[in-house]
Amino acid sequence: MSLVAKLIYARRHPLLKRLVQEVLALYGVEVPAAAEIGPGLVVFHRGFGLVLHPYTTLGADVVLYNNVTIGRADPWVPQELSRMERVVVEDGAVLCSGARVVCKDGVLTVGAGTIVGANAVLTRSTGPNEIWAGVPARRVGFREPLPGPVDRQPQASSARSTERASSVAAASESG
C-alpha cells in the first residue's frame, strides 16, 4: 500500500487528523474525512491532484490515478441544498489519470469493475465492467470481469465477450 493510501485511511484518526490532512495537501490530495473509503484502495503516482467530494463512497479495491476529481457538477448551488448528490464508485473500478466524475442530480454510480479513461468527464451512471472515455464520457467497450467478488454478472459478460469476439473475427475476415 502506498504512503498516500495509508494517509487517506489515517485521515479519520482523532489525534492525527489535522496533521494527515496537511501532509495530504502537500501531495495535492484532498480527501475529506466524510468520504467513505473501502479496503484495498490503490493510489498511483502519489495521487497528485486527487480531489474527492465529501459525499463520495469508494468500494473495495478501487484504483485511482493522479489528477482524478470526483465531485459535483453544480458548485454554485450551496452544499446544504445538494446533500442528495453523491458519487458511489463500486468495487474494482479504475479511474485513470485526469478522469472527472461529476454528479448533477441524485446518485451517480460507477459500476463494479468499470474503467473511466484518461481525461474522461463522466456525468452519468455506468454498469458493471464497462469502459468509458471521452468528453462527455461514452461507453466504448466492455472489460473482461475480474475473478472474485467483483464478478457479479458472468453470463451477461461472457455473452458480450462472445459477441465481440464474433464481430472482431468477422471484421478481420472481411478486411
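Use the structure listed above.
Now for a quick tour of the structure.

Conventions used here
Residues numbered from 1 in each chain as written. Predicted model: local features only at pLDDT ≥ 70, side-chain atom pairs only at ≥ 80, totals over all residues. Heavy atoms only, no water. Helix = DSSP H or I, 4+ residues; strand = E, 2+ residues; numbered from the N terminus. Contact = heavy atoms within 4.5 Å. Buried < 20%, exposed > 50% of the residue type's maximum accessible area, 1.4 Å probe, protein only. Core = buried A, V, L, I, M, F, W, Y, C linked by side-chain atoms within 4.5 Å. Pairing = 2+ DSSP bridges. Polar contact = N/O pair within 3.5 Å; in protein donor to acceptor, adjacent residues only side chain to side chain.

1. A short note on the overall build of the protein
Then comes step 1: Across its full length, the protein holds three helices and 14 strands.
Then comes step 2: In the protein, the share of contacts with a sequence separation of at least 24, taken over all contacts with a separation of at least 6, comes to 29%.

2. Concerning the environment of Ala5
Then comes step 1: Residue placement: Ala5 occurs in helix α1 (residues 3-10).
Then comes step 2: On the accessibility criterion, Ala5 (0% relative accessible area) is buried.
Then comes step 3: Contact partners of Ala5, with chain neighbours within four places excluded, come to Leu41 and Val43.

3. A short note on the nonpolar core
Then comes step 1: Core analysis: the biggest nonpolar cluster contains 34 residues, and Ile8, Leu58, Ile70, Val89 and Leu95 have the highest contact counts within it.
Then comes step 2: For this core, the secondary-structure elements that each account for two or more residues are α1, α2 (17-26), β7 (86-89), β9 (100-103) and β10 (107-110).
Then comes step 3: With residues near it in sequence (within four places) discarded, Leu58 still touches Glu36, Ile37, Gly38, Leu41, Leu52, Leu64, Ile70 and Val89.

4. Concerning the pairing of strand β6 (residues 69-72)
Then comes step 1: In terms of strand pairing, strand β3 (residues 51-52) meets β6 through two bridges, oriented parallel. Within β6, the position partnered with Val51 by the bridge is Thr69.
Then comes step 2: With four bridges connecting them, β6 and β9 associate as parallel partners. Residue Thr69 lies in a different strand from β9, and its bridge partner there is Arg100.

5. With respect to the sheet that holds strand β13 (residues 130-133)
Then comes step 1: Overall, mixed pairing links the six strands, which are arranged β2-β5-β8-β11-β13-β14 in an open sheet. For this open sheet the edge positions go to β2 (42-43) and β14 (138-142), each flanked by a neighbour on one side alone.
Then comes step 2: As judged from the two bridges shared by β2 and strand β5 (residues 63-64), these two strands associate in the parallel manner. Across the sheet, the residue bridging to Val42 is Val63, located in β5.

6. Topic: the side chain of Glu130
Then comes step 1: Residue placement: Glu130 occurs in strand β13.
Then comes step 2: Relative accessible area serves as the criterion here: at 8%, Glu130 is assigned to the buried category.
Then comes step 3: In this structure the side chain of Glu130 is engaged in a polar contact, spanning 2.9 Å, whose partner is the backbone nitrogen of Gly127.
Then comes step 4: Discounting chain neighbours no more than four positions away, the residues touching Glu130 are Gly113, Thr114, Ile115, Arg139, Gly141 and Phe142.

7. Notes on the sheet that holds β10
Then comes step 1: Spatially, β1-β4-β7-β10 is the arrangement adopted by the four strands of the open sheet, whose pairing is parallel. The sheet is open, and its two borders are formed by β1 (36-37) and β10, each paired with just one other strand.
Then comes step 2: With two bridges connecting them, β1 and strand β4 (residues 56-58) associate as parallel partners. When the bridges of β4 are listed, Ile37 appears paired with Leu58.

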